[in-house]
Amino acid sequence: MLKIITLDQASCKLKAKFNLNGYKSVEKKKVVIGGMFSVHQRLASTDSNTTSEPVSTGCEGFNFRAFRWTQTMLFAIKEINSSPDLLPATDLGYVIYDSCFTISKAVEGTLTYLTGQDEAVPNYRCGSGPPLAALVGAGGSDLSIATARILGLYYFPQVSYSSSCSVLESQFQFPTFLRTIPSDVHQSTAMARLVLHFGWTWVGTIASDDDYGKYGIKEFKEQVEEAGVCISFSETLPKAGTPEDMRRIVRSVVDSTAKIVVVFSSDVDLSPLLDELLRQNVTDRTWLASEAWVTSAAVARHPGIQQVLGGTLGFGLRRADLPGLRRHLLDIDPYEHPLTEEFWETAFNCTLDYGRALRQAKAGAARAALEAGNSTAARAVGRVVPEGLCSGKESLQQLNNTYTDVGQLRLTYSVYKAVYTVAHALHNLEHCEPGKGPFENGTCADIGSFEPWQLMYYLKNVQFVVPHTEERFEFKDGDVDGMYEIINWQMSAAGELSYVQVGFYNSTAPAQSRMTINNASIIWNNDVLEIPRSVCSEICLPGTRKGIRQGEPVCCFDCIPCADGEISNTSDARACIQCSEDYWSNANRDACVAKTIEFLDFGEPLGITLIAISAFGALVTVAVGGVFLAHLSTPMAQVNDALLSFLLLFSLVVTFLCSIVFLGEPRPWSCMTSQVALALGFALCLSSITGKSAILMLRARAIKAKSDADALRPAHQRAIAVLCTLVQAVACTVWLCLLPPHPVKNMASQNIKIILECHPGSVVFISCIFAYDILLALLAFAFAFTARKLEDHFSEAKSITFGMLVFFIVWISFVPAYLSTRGKFMVAVQIFAILASSFGLLACIFLPKCYVLLVKPERNTQEQMRPRVKGMDASNTGTSASLTTTTATTVSTVSVDD
């Protein structure tokens, strides 16, 4: 037999009933406005029992601040309904639900509002009654995101009073979402500007585990990190955090060296963390608060919180005074509604239910009697009078809690504006003139049966002046301008916490003037007036640069001194600046100073000394020439070829005086003159000595071989001297014409000095020229050394040999000394070498002759001037008369030519 199964039997149906608290007034109303507030802080814990019909979870943790917002909406609707100017012919109704600060309850409330049913059947408007206008809510950003996705499906308007998350800006995802609170993009930017304003580069962040906290702190991080600020730690506040979670977060705060902590969180999520901060006595941090908790009385009235959060800086919404609101809050009827009844019982810690009070009193008395063991008292329990019973006449005016605190109406004012926004949109819709309407063919919507999208048009374009505050309100792409007061937590004279406005932020102002703040009016943590410092590494002073530590944030660095020749003239320089080639870094490495120009000057002591020595050498040489000139007719002057001797003396004068040209600032003429004069002077000197030594060598060989020496004439040595000098002169001329010496700035030898010196022009030319002088010196030495055994009274060959040895010793010593010195001392060494070699030649060659001419004139005879070979071998032995005769003949032949 075939069994027929009906549709109802074959389908599953959700049996859960929505358990929603709130206010509702829809009877005989023309339009209904929805509202959603987190009157409770969390869902109540329940047993997971699948055997009974499921019921939506209840809520617990009464929130007096959110309850004030709920009453503010009722107050605003009451004002509108009694206004003769706003919706005069329309009586507004309301449906307000408690979201319990949870997404699930917010979704339940949204579905119930849309469908008109208390069951989870998401069909659009199954119930009947007046049209729904818009939903004011739903509280936190994560709640509004959930409700906006549902409402957006039907293009149903939603006006939020506290959902500031930046993700809600997307018109594509949330086409019907509007809000009277600024987007967190503005707040994150303002927070970043505040951090940069005080020069903090090392901060910690704490964010609630929801869209508000995550997106707000993300935007803040992006902006500060782009500006060079580093995040020391980043913690997340869980929605249902355990004590261990709170200890972990506080441990991060305490372990970090960051003195600034930025917190994006609601007051509800922050409360558990405050207990742990108090327990660990964290009092040396400055807290930057988001608008969700900076003016929360629930946080400010936390016992002992002043020592932890004193000096807090934060951004608060615009504050307003709403006349009549406080009277409305104080005049509520505790018996009007279950939610109001719960508020009353929670506020005064009593119960309005007589039966429940009686049961509680009996249970308490019985417990006390049994503990005391008093049977008589136990029997009297039935006659106990109930205690803890509310009279309903308690004074709310004397109640000191968040509900009655109307001194900081910020989010409350945002609720007030949201309700008035919907009312003005409805007013514009109702007063549309047919034929001039915004819809097709100029049609208007009917206030009694309009579509949600029609009201959405009026909401987007609404403009009005808010009652009591004269604020001109309008939407800009569903958002409002970012206007914040900068608030500082300070202790009043009475010892109470007060919110002091110390600045203002306006997102519409020019970039340079968006934030104004009075630093002097801020009192920081522990009543300190000085701005706290929060850096990972101290500032790098001028003269140093930042050196990033491997594996650490860029704000953690070492200050590395700039290298030689580099400077940093600002604090916290990322790199040092290279000084230009004419400048060098000073001792502090913070400025480039002109390099010292160095050259061997005439006027300095060393220069004067060298000039004196050169002049002395030249004068001595001239004096020697004068001695020779005075004795020109004597045998010694005649036998030494006076012209060649004077050429030699002239060359020595040139070498002495050319050393002076090396002094002073190098000029093109001085560079050419000094080098060429030195080369030609030594060439003439060495050529003359070579000519002399060559003749001496040939005489010695001729005497030894007993050959005729008639061919050995003084004209030959003069020709040698002139010819050898002429070769050097031609080479120097080519050098000067092609690549002459010129002055240069030597910046490579010493970093802090510019050495002015002469560049040879061509290393090849100068090497060849002075190599030629060396060749002449070697020839002169070789000839003189060969003729060293040729004896006369002053032994000229030996003198030349010794002179050339001195010359070589001087210049061989000069090379390492020259290479080991820098700057002007190189010139000094060169001059000393020139002078020493010149003095050596002068002394060795001419001193013996001057000694004979001046001291031993008796030796200046023809006989004494006759050269002879020392140490004749045995084959040449003979009588002394014959030796004398032979020698005399030879000398006589030479003397005749003289």
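The coordinates are above.
The model shown is predicted, which means the values in this text are computed figures rather than measured ones.

**What about the overall build of the protein chain?**
- Each helix and strand in the protein chain was counted, giving 25 helices and 29 strands.
- A burial count over the protein chain gives 49% of its 898 residues as buried.
- Total accessible area on the protein chain stands at roughly 41600 Å², and carbon and sulfur atoms take up 57% of it.

**A few points about the packing of aromatic side chains**
- According to the stated counting rule, one finds 37 aromatic pairs in the structure shown.
- With 5.5 Å between their ring centres and 40 degrees between their planes, Phe 67 and Tyr 403 make a pair best called tilted. You can see Phe 67 sitting in helix 2 (residues 64–81) and its partner Tyr 403 sitting in the loop between helix 14 (375–379) and helix 15 (411–430), a full 336 residues away along the chain. Each member of the pair Phe 67 and Tyr 403 is classed as buried.

**What to know about the layout of surface pockets**
- There is about 1000 Å³ of room inside the largest pocket.
- In terms of lining residues, the largest pocket is bounded by 42 residues, among which Ile 766, Phe 770, Phe 814, Tyr 818 and Gln 830 are the most central.
- Counting residues per element, the ones that place at least two in the lining of the largest pocket are helix 20 (668–705), strand 27 (753–759), helix 22 (763–786), helix 23 (796–819) and helix 24 (824–855).
- Ranked by residue count, the leading element in the lining of the largest pocket is helix 23, at eight residues.

**Brief notes about the packing of helix 2 against helix 15**
- At a minimum axis separation of 9 Å, helix 2 and helix 15 run at an interaxial angle of 35 degrees. Note on packing geometry: the crossing formed by helix 2 with helix 15 is right-handed. Residues Arg 65, Arg 68, Trp 69, Thr 72, Met 73, Phe 75, Ala 76, Ile 77, Glu 79 and Ile 80 of helix 2 form the contact with helix 15, whose own contacting residues are Leu 411, Thr 412, Val 415, Tyr 416, Val 419, Tyr 420 and Ala 423.
- Along the lines of polarity and charge, the residues of the contact of helix 2 with helix 15 split into 12 nonpolar, two polar and three charged.

**A look at the side chain of Asp 269**
- Mapped onto the elements of the fold, Asp 269 is located in helix 8 (residues 267–279).
- Of the residues examined, Asp 269 reaches a relative accessible area of 5% and is grouped as buried.
- A polar atom in the side chain of Asp 269 sits 2.9 Å from the side chain of Lys 239.
- A polar contact is formed between the side chain of Asp 269 and the side chain of Ser 266, at a distance of 3.2 Å.
- Apart from the residues lying within four places of it in its own chain, the contact partners of Asp 269 are Phe 101, Ser 208, Asp 210, Leu 237 and Lys 239.

**Concerning helix 6 (residues 211–226)**
- Helix length check: helix 6 (16 residues) gives 22 Å between terminal C-alpha atoms against 22 Å at 1.5 Å per residue, within 8%.
- Of all the positions in helix 6, only Tyr 212, Gly 213, Gly 216, Ile 217, Phe 220 and Val 224 are classed as buried. Seen from one end, helix 6 has its buried residues packed into an arc of 95 degrees, which puts them on one side.

**Brief notes about the nonpolar core**
- Formed by 103 residues in total, the largest nonpolar core has its most connected members in Phe 220, Phe 343 and Leu 426.
- Among the elements that make up this core, the one with the highest residue count is helix 15 (12 residues).
- Among all residues touching Phe 343, those that are not within four sequence positions of it are Phe 62, Phe 64, Phe 67, Ile 332, Leu 396 and Tyr 403.
- One finds Leu 648, Phe 662, Phe 807 and Ile 831 within the second-largest nonpolar core, a separate group that totals 48 residues.

**Remarks on the state of the cysteines**
- Evaluation of the coordinates by the stated rule reveals nine disulfides.
- Here Cys 562 engages in a disulfide with Cys 576; their sulfurs sit 2.0 Å apart. Disulfide Cys 562-Cys 576: the torsion about the S-S bond is -85 degrees, which places it as left-handed. Of the two residues, Cys 562 sits in the loop between strand 20 (557–561) and strand 21 (566–567) while Cys 576 sits in the loop between strand 21 and strand 22 (577–578), which places them 14 residues apart along the sequence. Both residues of the pair, Cys 562 and Cys 576, count as buried.

**Some thoughts on unusual backbone geometry**
- Geometrically, the link from Gly 137 to Ala 138 is a cis peptide bond, its omega value of 15 degrees lying close to zero.
- Look at Lys 28: it is not a glycine, yet its phi comes out positive at around 60 degrees.
- Along the polypeptide, Lys 28 turns up in the loop between strand 1 (22–25) and strand 2 (31–37).
- Judged by its relative accessible area of 84%, Lys 28 is exposed.
- The phi dihedral of Glu 470 is positive, around 60 degrees, even though this residue is not glycine.
- Within the secondary structure layout, Glu 470 lies in the loop between strand 14 (463–465) and strand 15 (472–474).

Criteria and cut-off values
Here, residues in each chain are numbered from 1, in the same order as that chain's written sequence. Note on the predicted model: pLDDT of at least 70 is required for a residue's local features to be given, and 80 or more for side-chain atom pairs to be given and counted; whole-chain, interface and lining totals, by contrast, use all residues. To get the side-chain values, take all heavy atoms of the structure and skip hydrogens and water. Helical segments are the DSSP runs of H or I of at least four residues, strand segments are the runs of E of at least two, and each set is numbered from the N terminus. The cut-offs for exposure are 20% and 50% of the maximum accessible area for each residue type, with area from a 1.4 Å probe on protein chains only; residues under the lower value are buried, those over the upper are exposed, and the others partly exposed. Residue-level accessible areas treat just the shown protein chains as cover; the underlying method is Shrake-Rupley with a 1.4 Å probe. The aromatic pairing rule takes the rings of Phe, Tyr and Trp, using the six-membered ring of Trp, and pairs them if the centres are within 6.5 Å, calling planes under 30 degrees apart stacked, those over 60 edge-to-face and the rest tilted. Using a grid of 1 Å spacing that covers the protein atoms alone, one calls a set of points a cavity when a 1.4 Å probe fits there but cannot get out, and a pocket when the set is open and has protein on both sides within 12 Å along at least five of seven lines; lining residues are those with an atom within 4 Å of a point. Grid points are joined across faces, edges and corners, and a volume is the space filled by probe spheres set on the points. Note on geometry: axes are lines fitted to C-alpha atoms, helical ones only across the stretch in contact, with angles between N-to-C directions running from 0 to 180 degrees. Each crossing is labelled by how the near helix is turned from the far one, with a counterclockwise turn of less than a right angle marking it left-handed and a clockwise turn marking it right-handed. Only heavy atoms matter for contacts: two residues are in contact if any of them lie within 4.5 Å across the pair. Three classes are used: nonpolar for Ala, Val, Leu, Ile, Met, Phe, Trp, Tyr, Cys and Pro, charged for Asp, Glu, Lys and Arg, and polar for all others, with Gly counted as polar. Pairing of N or O atoms within 3.5 Å defines a polar contact, subject to two protein rules: one partner must be a possible hydrogen donor and the other a possible acceptor, and residues neighboring in sequence count only if both atoms are side-chain atoms. Multiplying 1.5 Å by the helix residue count minus one yields the expected span of that helix. Directions are taken from the helix axis to each C-beta atom, and the arc is the one they span. What we call a nonpolar core is a set of buried Ala, Val, Leu, Ile, Met, Phe, Trp, Tyr and Cys residues that are connected through their side-chain atoms within 4.5 Å. Cysteine sulfur atoms that pair up within 2.5 Å are treated as a disulfide.

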